[in-house]
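Residue-level structural notes
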Amino acid sequence: MDMTVKQEASGTVVSLAGRLDVVSCEDVGRRVEELIDTGTRHLVLDASDMTYVSSAGLKTILHAYKSLKSRQGSLRIVATNEFVLQVMRTTGFTGIVAVFPTLAEALASPVG
Amino acid sequence: MTGTSATAAAPATGRVKVLVVDDEPDLSLLFRQRFRRQIGAGEMEFVFAANGLEALRTVEHDGDVDIVVTDINMPVMDGLTLLGELKSRPRLHRAVVMSAYDDLANIRAAMNRGAFDFITKPIDFQDLETTLGRTMEQVRGDRRASEARRQLQTLQHELDIARTIQRSILPDSLPRPARPDGVEIAGRMLPAAAIGGDFYDHFTIDADRIGFVIGDVSGKGVAAALFMAMTRTLVRASGQAGASAQSCVAAANRMLTSDNATTMFVSAFYGIMNRRTGELDFCNAGHTPVLVVRDGVATPLPTETNLVLGIEADYPYIGGRHQCRPGEALVLSTDGVTEAENVAGEFYGLPRLRGLLARIDTVDPSRILDAVLADVRSFTGAGQTDDITVLALEWRGGEGPGADGPTALDGTAY
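Described below are features of the structure shown in this document. Since the model is a prediction, treat every value here as computed from it, not as a measurement.

The helix and strand inventory of chain B stands at 12 helices and 16 strands. Along the first, second and third principal axes, the C-alpha set of chain B runs to 100 × 45 × 40 Å. Within chain B, the proportion of its 414 residues that are buried is 52%. A separation of at least 24 residues holds for 74% of the contacts in chain B among residues at least 6 apart in sequence. Summed over all atoms, the accessible surface of chain B reaches about 18700 Å², with 54% contributed by carbon and sulfur. In chain B, which carries 41 positive and 55 negative side-chain charges, the distance between the mean positions of the two groups comes to 1 Å.

This paragraph deals with the overall build of chain A. Regarding its fold elements, chain A presents 5 helices and 6 strands. Going from N to C terminus, chain A has its helices and strands arranged as β-β-α-β-β-α-β-α-α-β-α. What you see for chain A is a C-alpha radius of gyration of 12 Å, in line with the 13 Å of a compact globule of 112 residues. The principal-axis extents of the C-alpha atoms in chain A amount to approximately 30 × 25 × 25 Å. Across the 112 residues that make up chain A, the buried fraction comes to 49%. Long-range pairs, those at least 24 residues apart, make up 70% of the contacts in chain A with a sequence separation of at least 6. Surface exposure of chain A reaches about 5100 Å², of which carbon and sulfur atoms provide 52%. Distance from the positive charge centre (11 side chains) to the negative charge centre (12 side chains) of chain A: 7 Å.

Residue and element names in this part refer to chain B. Within helix H6 (residues 104-112) the residues assigned to the buried category are Asn106, Ile107 and Ala110. The buried residues of H6 occupy an angular sector of 100 degrees when projected down its axis, which confines them to one face. Opposite its buried face, H6 presents the exposed residues Leu104, Ala105, Arg108 and Asn112, each directed more than 90 degrees away. Structurally, H6 contributes buried residues whose contacts are with helix H5 (79-87), strand S4 (94-100) and strand S5 (117-121). Positive backbone phi, approximately 100 degrees, marks Gly114, located one or two places after H6.

The description of two packed helices rests on the angle between their axes and on the distance between the axes. All names here are of chain B. Running from N to C, helix H11 (residues 349-360) and helix H12 (residues 365-380) point in directions that differ by 135 degrees, and their axes come no closer than 11 Å. In terms of orientation, H11 and H12 fall into the oblique class. Here H11 runs over H12; the crossing is right-handed. Here Arg352, Leu353, Leu356, Leu357, Arg359 and Ile360 of H11 lie close against H12, whose contacting residues are Ile368, Ala371, Val372, Asp375 and Phe379.

What follows deals with the nonpolar core. Formed by 69 residues in total, the largest nonpolar core has its most connected members in Leu75 and Phe93 of chain A together with Tyr270 and Tyr317 of chain B. Ignoring any residue separated from it by four or fewer positions in sequence, one finds Tyr317 of chain B in contact with Gln246, Val249, Ala250, Asn253, Cys283, Ala285, Asn306, Leu307, Val308 and Leu309 of chain B. Within the second largest apolar cluster, 24 residues are counted, among which are Ala186, Ala298, Tyr348 and Val363 of chain B.

Let us look at the packing of aromatic side chains. If you walk through the whole model with that rule in mind, you get 15 aromatic pairs over all chains. Considering the side-chain rings of Tyr52 of chain A and Phe83 of chain A, the 5.3 Å spacing of their centres and the 15 degrees angle between planes classify their relative orientation as stacked. Of the two residues, Tyr52 of chain A is situated in strand S4 (residues 50-53) and Phe83 of chain A in helix H3 (residues 82-90); the sequence distance between them amounts to 31 residues. In this pair, the class of Tyr52 of chain A matches that of Phe83 of chain A, namely buried. On the numbers, 6.3 Å between centres and 70 degrees between planes, the contact of Phe31 of chain B with Phe48 of chain B is edge-to-face.

Let us now look at the interface of chain B and chain A. With 20 residues of chain B in contact, the opposing surface of chain A contributes 18 residues. Roughly 1600 Å² of surface becomes buried between chain B and chain A when both sides are summed, with 61% attributable to carbon and sulfur atoms. It is Thr263, Phe265 and Ile311 of chain B that lose the most area in chain B upon contact with chain A, and together they represent 30% of the buried surface on that side. For the pair chain B and chain A, the number of links is 2 salt bridges. Taken together, chain B and chain A are joined by 5 residue pairs in polar contact (both at pLDDT 80 or more). Considering only residue class, the side of chain B that touches chain A consists of 7 nonpolar, 10 polar and 3 charged.

Our focus in this paragraph is the pattern of salt bridges. On inspection of all chains with the given rule, the structure shows 32 salt bridges over all chains. In this structure, Glu82 of chain A and Arg89 of chain A form a salt bridge, with 3.7 Å as the shortest nitrogen-oxygen distance. On the basis of relative accessibility, which here comes to 38%, the residue Arg89 of chain A falls in the partly exposed class. A salt bridge links Asp201 of chain B to Arg236 of chain B, with the shortest nitrogen-to-oxygen separation between them at 2.6 Å. Taken together, the positions of Asp201 of chain B in strand S7 (residues 198-204) and Arg236 of chain B in helix H8 (residues 221-240) put the pair 35 residues apart, joining distant regions of the chain. Residue classification places Arg236 of chain B among the partly exposed residues on the basis of a relative accessible area of 21%. One continuous salt-bridge network, built from bridges that share partners, spans Arg15, Lys17, Glu45, Asp62 and Asp64 of chain B.

Residues and elements named next belong to chain B. One open sheet holds the 5 strands; their spatial order is S7-S8-S9-S10-S13, and the pairing between them is antiparallel. What marks the edges here is a single partner per strand, and that holds for S7 and strand S13 (320-323). Ignoring which end each strand starts from, the neighbouring axes of this sheet average 15 degrees apart. As defined by bridge partners, S7 adjoins strand S8 (residues 209-217) across 7 bridges and the pair is classed as antiparallel. Bridging across to S8, Tyr200 finds its partner in Ile214. The sheet contacts of helix H9 (residues 245-258) involve strand S9 (266-274) and strand S10 (279-285), and relative to S10 the element is tilted by about 25 degrees.

What counts as what
Residues numbered from 1 in each chain as written. Chains lettered and ligands numbered in written order. Predicted model: local features only at pLDDT ≥ 70, side-chain atom pairs only at ≥ 80, totals over all residues. Heavy atoms only, no water. Helix = DSSP H or I, 4+ residues; strand = E, 2+ residues; numbered from the N terminus. Buried < 20%, exposed > 50% of the residue type's maximum accessible area, 1.4 Å probe, protein only. Contact = heavy atoms within 4.5 Å. Areas by Shrake-Rupley, 256 points an atom, 1.4 Å probe, with all protein chains shown as cover. Lys, Arg positive; Asp, Glu negative; His and termini not counted. Charge placed at Lys NZ, Arg CZ, Asp CG, Glu CD. Rg over C-alpha atoms; globule rule 2.2 N^0.38 Å. Arc of directions from axis to C-beta. Axes fitted to C-alpha atoms, helices over the stretch in contact; angles between N-to-C directions. Parallel < 35°, antiparallel > 145°, perpendicular 65-115°, else oblique. Left-handed = near helix turned anticlockwise from the far one by under 90°. Core = buried A, V, L, I, M, F, W, Y, C linked by side-chain atoms within 4.5 Å. Phe/Tyr/Trp six-rings, centres within 6.5 Å; stacked < 30°, edge-to-face > 60°. Buried area = accessible area lost by both parts, 1.4 Å probe. Salt bridge = Lys/Arg side-chain N within 4 Å of Asp/Glu carboxyl O. Polar contact = N/O pair within 3.5 Å; in protein donor to acceptor, adjacent residues only side chain to side chain. Nonpolar A, V, L, I, M, F, W, Y, C, P; charged D, E, K, R; others polar. Pairing = 2+ DSSP bridges.

Here it is, written out as structure tokens:
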């Protein structure tokens, strides 16, 4: 799993490529937590190149969501992979987190 | 005088305790002098005994001797006898023998009794230091190995507890005489080595209604097993009190969320089946689609997408209804089925499951379980990384003629 972080005007973009599973989620979770600890409030999780997400991976995303929400922040997700989208739909994540088809749309959307 | 004051502040894990056994009284002074730096730094601690018997008493009394450096010829109990005695003790001691340089027979005998190394007398302290250094390395290796073993045992113990919890909450599927009408349910779970957190349950609500639930907790180990036991208990409690599927799920969610400091969550499907009318009241909380098998076709039961349980206390769960037709089956599974991976990294997937259910063309719960589990196993080969759970339910229609039917094989007839 590759993770890159980029600062944009409307938030911090964390791009994740590959599998977000029980192996990779620990590292991703730790690094996202560091971002939040050091002041990130509006996070865009770019999962365009994510090919798989397990329940452990969802837990990591959920943790970020809860953590940001409790600090009056926001989480936006960009997802295009059919499997990833299906897992997010099935588990109801799409009902609580805003999911966008492109990074441009996610960045253009109002936060909060 | 004993040097213990210098070693008292030493880190408990790093210090090595050496017992020197010799009938020469000057030796203790020599050792203390020679190793004063290591003693001062808390790396080593020395204790002394004048013969084998005294040494054994010290070993037993102190309980933390790592290395025994012993002479061979001593009064009361000699060094070889001491080595034999040490071998029978549960604690591992690394022994170094001191012997005259030409006393090969005794050195050999000592090595045969498990001595780690030897030095020759008169003592060359340079050699002694090297030898003790090597022995200390061995002791530290022993400690790391025993710590790893202990951690493994703890982990094993944790998995055993988790497995026991998981097994204890599954319903007993006692074969009861099946009837030509009503409902038959069969469920089976193949737990993964690391315990994935799957569960299922079914129970009687009243004369007409049966509750059934399948769930999958995100996480592994004891915490996941306890979360699963809690979910099952909460669903059962409000389910048996007669709550609708939707309010039962909402109530369980509220309780699970309020206690949840771990961001653990559980996906679950709860259904209430009326065995007389075939009416199904259900609520799907973020769980894998349920398949309806009828006339050789398996179609997903249309459900509202609800959030998994344990995240938002006030999430507005929406239930659904379905009218079963006689001879129709419902097949519930966890993602251990659809996300079972083969060696090429492909998923078993919902289409394959639907294809199989269409192909076997049966609504008998036990036969459905057998077929699904066998097919998943042949797809994945040997490896199983997640719990695999299937629950199948057949509605045979309302009250029929009432004749005795066959016995439900490993299912439960309601």
